[in-house]
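Coordinate analysis (summary)
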Amino acid sequence: QVQLVESGGGLVQAGGSLRLSCAGSGLTFSRFTMAWFRQAPGKEREFVAGISRSGGRTDYLDSVEGRSTISRDNAKNTVYLQMNSLKPEDTAVYYCAADANIVVVRTTQSYDYWGQGTQVTVSS
């Protein structure tokens, strides 16, 4: 059974930082493109960042690029999202997702497995 378990969310003041982690099990982690999505109340789930199987290619939502870094450790079956200079508009539930495709895509429909999510709240 495939499981993706996120951790690292919490409450932080604007300008602060958080590092999210997502640990995978039940899948050959290195064969999956990984991504982080987020969903704020009343809004659709949106792509935040994605990383290729080897980690050699990344993609970011424009509003987080330069403030966030996605990385992965295939030996630990874990993907990370380091977020700096957080803003109140970053407040959302953050989900990690795994996609069997080779390329990083931004559409939710492409992803095969999802975690339960971790809440990130940024206070002003």
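Above this text is the structure in question.
Computed from a prediction, not measured in an experiment: that's the story for all the values here.

**Topic: the side chain of S110**
Tracing the chain through its elements places S110 in the loop between strand 9 (92–99) and strand 10 (113–114). Residue classification places S110 among the buried residues on the basis of a relative accessible area of 17%. At 2.6 Å, the side chain of S110 forms a polar contact with the side chain of D99. In contact with S110, not counting residues within four places along its chain, are D99, N101 and V105.

**So, the side chain of T118**
Tracing the chain through its elements places T118 in strand 11 (residues 118–123). When sequence neighbours within four positions are dropped, the list of residues in contact with T118 reads E6, S7, G8, G9, L20, A92, V93 and Y94.

**Here we look at the nonpolar core**
Among the nonpolar cores identified, the biggest contains 28 residues, and M34, W36, I70, V79, L81, M83 and Y94 are the most heavily contacted of them. Here this core takes four residues from strand 9, the largest share from any one element. In terms of nonpolar packing, the next biggest core, distinct from the first, is built from five residues, A35, F37, A97 and Y111 among them.

**Comments concerning the pairing of strand 9**
Buried residues dominate strand 9, accounting for seven of its eight residues. Here strand 9 pairs with strand 11 via three bridges, running antiparallel. Within strand 11, the position partnered with A92 by the bridge is V120.

**Side note on the packing of aromatic side chains**
What the rule picks out here adds up to five aromatic pairs. Note on F37 and Y111: the rings are 5.1 Å apart at their centroids and 80° apart in plane angle, and the pair reads as edge-to-face. Of this pair, F37 sits in strand 4 (residues 33–39) while Y111 sits in the loop between strand 9 and strand 10, and the two are 74 residues apart along the sequence. By relative accessible area, F37 is classed as buried at 0%.

What counts as what
Residues numbered from 1 in each chain as written. Predicted model: local features only at pLDDT ≥ 70, side-chain atom pairs only at ≥ 80, totals over all residues. Heavy atoms only, no water. Helix = DSSP H or I, 4+ residues; strand = E, 2+ residues; numbered from the N terminus. Buried < 20%, exposed > 50% of the residue type's maximum accessible area, 1.4 Å probe, protein only. Polar contact = N/O pair within 3.5 Å; in protein donor to acceptor, adjacent residues only side chain to side chain. Contact = heavy atoms within 4.5 Å. Core = buried A, V, L, I, M, F, W, Y, C linked by side-chain atoms within 4.5 Å. Pairing = 2+ DSSP bridges. Phe/Tyr/Trp six-rings, centres within 6.5 Å; stacked < 30°, edge-to-face > 60°.

Coordinates in, geometry out; function isn't part of it.
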